[in-house]
Amino acid sequence: MFAGLSAFPLTPMNESGIDEAAFVRLVERLAGAGVDSIGVLGSTGNYAYLTRAERARVVQLAVRHAGTVPVIAGIGALRTRAVQELAEDAQQAGAAGVLLAPVSYQTLSDDEVFGLYRDVTRTLSVPLCVYDNPGTTHFTFSDELHGRIAGLPRVASIKIPGVPDDAEAARARVERLRALLPPHLTIGISGDALAARGLNAGCEAWYSVTGGLFPQTALAITRAARAGDAHGALQLSGRLQPMWELFRQYGSLRVTATAAELLGLAEAPSLPLPLNTLAGHDRQRLAEWLAEPALT
């Protein structure tokens, strides 16, 4: 579950609620493609904009329609008590694992973040992936803190935000972190533009926004890297450079939602206000690119 391609689908929604039919189609598409796991309620899953009941419903739908593919559910929230409630909801819905980012309004200290994971794992019955995402949480994990958290029960993986672009530096970064972790714990990459680099450097998993929309394309990159075809993985990733550029400019959520709308996989609007999908020249630019390559 915490190796290979973990595909993170969009949770299409508007001010009336979640578009359940569109979400189910996305989940079934991923299951049919044979991804290794499906990650719901990550950043692309709009978890921060949903109520507890809506989040529980998303997990229920995902588990029901994922077939034999394990579902990992995001449980990040501002308060430890809320995280524990979301963890219980996810477990009752049948999630095979959970994903936890240290969400905050007040800046958190290392001890506070460790305390969050300690308190949540005390009552957890499924494995947990540590979600290291400073772009949204504004908290930066040190390798030492990762090592402390990795010693807690049920911690099974770390989702890191990226690696250096240089191949040797990327491998050194992964090896430096791995030296502080128990052997059973996997390291996964989540910065899609650098995913091929991360997999080539020794990351066992790709926690992928791109995989949530283009599972076959992401599987090809993942399988090439894991088979030792580093050049092939980089070459496949390079074909997605126009999307990586838009990710850097607008963030992966807005771009992914726009692509889902353009491909007819979600109706517009597909994001909660005040968020908007791309418009004007950049929407047209994405539409033209999507029409060219055989993305699946």
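Further up the page is the structure itself.
All figures in this text were calculated on a predicted structure; none of them were measured in a lab.

> Which residues make up the overall build of the chain, and what values go with them?
Per the secondary structure count, the chain includes 13 helices and 10 strands. The C-alpha radius of gyration of the chain comes to 18 Å, within 12% of the 19 Å expected for a compact globule of 296 residues. C-alpha atoms of the chain, sized along the principal axes, occupy 45 × 45 × 35 Å. Looking at the chain as a whole, 55% of its 296 residues are labelled buried. Within the chain, contacts between residues separated by at least 24 positions form 71% of all contacts whose residues are at least 6 apart in sequence. Here the chain displays about 12400 Å² of accessible surface, and carbon together with sulfur accounts for 50% of that area.

> Which residues make up the pairing of strand β8 (residues 155–160), and what are the values?
Among the 6 residues of β8, 6 are classified as buried, and the element is accordingly described as predominantly covered. Here strand β7 (residues 128–131) pairs with β8 via 4 bridges, running parallel. Bridge assignment links cysteine 129 to a residue of β8, and that residue is serine 157. Pairing of β8 with strand β9 (residues 186–189) involves 4 bridges; the strand directions are parallel. Considered in β9, the bridge of lysine 159 is made with glycine 188. A crossover links β8 with its parallel partner β9, the connecting element being helix α7 (residues 167–178), and its sense is right-handed.

> An account of the packing of helix α4 (residues 110–121) against helix α6 (residues 143–150) is needed here, citing residue identities and associated values.
Viewed as axis vectors pointing N to C, α4 and α6 meet at an angle of 25°, and their least axial separation amounts to 10 Å. Comparing the axis directions of α4 and α6 gives the class roughly parallel. α6 is crossed by α4, and the crossing has right-handed handedness. Taken together, the residues of α6 that come into contact with α4 (itself represented by Asp110, Asp111, Val113, Phe114 and Tyr117) are Leu145, Arg148 and Ile149. Taken together, the residues that form the contact of α4 with α6 break down as 5 nonpolar, no polar and 3 charged.

Criteria and thresholds
- Residues numbered from 1 in each chain as written.
- Predicted model: local features only at pLDDT ≥ 70, side-chain atom pairs only at ≥ 80, totals over all residues.
- Heavy atoms only, no water.
- Helix = DSSP H or I, 4+ residues; strand = E, 2+ residues; numbered from the N terminus.
- Rg over C-alpha atoms; globule rule 2.2 N^0.38 Å.
- Buried < 20%, exposed > 50% of the residue type's maximum accessible area, 1.4 Å probe, protein only.
- Contact = heavy atoms within 4.5 Å.
- Areas by Shrake-Rupley, 256 points an atom, 1.4 Å probe, with all protein chains shown as cover.
- Pairing = 2+ DSSP bridges.
- Right-handed = clockwise from strand over helix to strand, strands pointing away.
- Axes fitted to C-alpha atoms, helices over the stretch in contact; angles between N-to-C directions.
- Parallel < 35°, antiparallel > 145°, perpendicular 65-115°, else oblique.
- Left-handed = near helix turned anticlockwise from the far one by under 90°.
- Nonpolar A, V, L, I, M, F, W, Y, C, P; charged D, E, K, R; others polar.

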